[in-house]
Amino acid sequence: MAYSRDAWVHWIDEDGDCQNTRAEVLIVETRQPVTFTSSSNCTVATGEWYDPYTGQSRTLASDVDVDHFVPLANAHVSGGHAWDAAKKQAYANDMIDPDHLIAVEDNVNQSKGASAPDTWKPPRVAYWCTYAIDWTEVKKRWDLTVTQTEYDALGDMLATC
């Protein structure tokens, strides 16, 4: 089955408070209190988010993406293609594991795209160890497969620990 991002329903408002998963992650990960775009407090405008990929902080929510640590497309080809819609939605919005969805600079996240560690690594080498551990934990938690080249790249990253 071909990957379709639409099959992985994400940024839902699971608790009905008008803040979707993206907003919830931004609220949890900010280093300063957030502000909102309106009095309804649904959409985050500002805060302070530290991007472990770059070591930089951002204060405008519009400059921050919430990254699926193991991208949806990678989860799809690693076994998620066989999941039902509910499990795909649970994966796409998982806030139980604090490393599953993380706030990062939008340009860096866009450069990552759907890449695995064999084709993309965070620009900040000091984060490679943590990145490899977290990648492995997400894959393990969701029972996703790892390719040999991905495994080898993770080994190289773990060697920086």
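Above: the structure in question.
Residues numbered from 1 in each chain as written. Predicted model: local features only at pLDDT ≥ 70, side-chain atom pairs only at ≥ 80, totals over all residues. Heavy atoms only, no water.

Section: the overall build of the protein
Phase 1: Counting secondary structure elements, the protein contains 6 helices and 5 strands.
Phase 2: Going residue by residue from the N terminus, the α and β elements of the protein occur as α-β-β-β-β-α-α-β-α-α-α.
Phase 3: Scaling as 2.2 N^0.38, a compact globule of 161 residues should have a C-alpha radius of gyration of about 15 Å, and the protein matches this with 16 Å.
Phase 4: With the C-alpha coordinates of the protein rotated into their principal frame, the extents come out at 50 × 35 × 25 Å.
Phase 5: Of all 161 residues assigned to the protein, the portion counted as buried reaches 43%.
Phase 6: Excluding contacts between residues fewer than 6 apart, the proportion of contacts in the protein whose partners are at least 24 apart in sequence is 61%.
Phase 7: A total accessible area of about 8100 Å² is found for the protein, and carbon and sulfur atoms account for 52% of it.
Phase 8: A distance of 4 Å separates the average location of the 12 positive side-chain charges in the protein from that of its 25 negative side-chain charges. (Helix = DSSP H or I, 4+ residues; strand = E, 2+ residues; numbered from the N terminus. Rg over C-alpha atoms; globule rule 2.2 N^0.38 Å. Buried < 20%, exposed > 50% of the residue type's maximum accessible area, 1.4 Å probe, protein only. Contact = heavy atoms within 4.5 Å. Areas by Shrake-Rupley, 256 points an atom, 1.4 Å probe, with all protein chains shown as cover. Lys, Arg positive; Asp, Glu negative; His and termini not counted. Charge placed at Lys NZ, Arg CZ, Asp CG, Glu CD.)

What to know about the sheet that holds strand β1 (residues 35-36)
Phase 1: Read from one edge to the other, the open sheet built from 3 strands follows the order β1-β2-β3, with strand pairing classed as antiparallel. Edge positions in the open sheet fall to β1 and β3 (56-60), since each of these has one partner strand only.
Phase 2: Taken together, the 4 bridges between strand β2 (residues 44-51) and β3 define a ladder with antiparallel strand orientation. Bridge pairing in β3 places Trp49 opposite Arg58.
Phase 3: Here helix α1 (residues 21-29) sits on the sheet in contact with β1 and β2, set at roughly 60° to β2. (Pairing = 2+ DSSP bridges. Axes fitted to C-alpha atoms, helices over the stretch in contact; angles between N-to-C directions.)

What about the environment of Ala75?
Phase 1: If you trace the backbone, Ala75 turns up in helix α2 (residues 72-77).
Phase 2: Between the alpha carbons of Ala75 and Thr145 there is a distance of 8.5 Å; along the sequence they are 70 residues apart.
Phase 3: Setting aside chain neighbours within four positions, we find Ala75 in contact with Trp8, Val70, Gly80, His81, Tyr91 and Leu144.

Looking at the pattern of salt bridges
Phase 1: Counted by the stated rule, this structure contains 4 salt bridges.
Phase 2: As a salt-bridge pair, Lys139 and Glu150 come within 3.0 Å of each other at their nearest N and O atoms. Of this pair, Lys139 sits in helix α5 (residues 128-141) while Glu150 is found in helix α6 (residues 148-158), placing the two residues 11 residues apart along the sequence.
Phase 3: Its relative accessible area of 2% is what places Lys139 among the buried residues. (Salt bridge = Lys/Arg side-chain N within 4 Å of Asp/Glu carboxyl O.)

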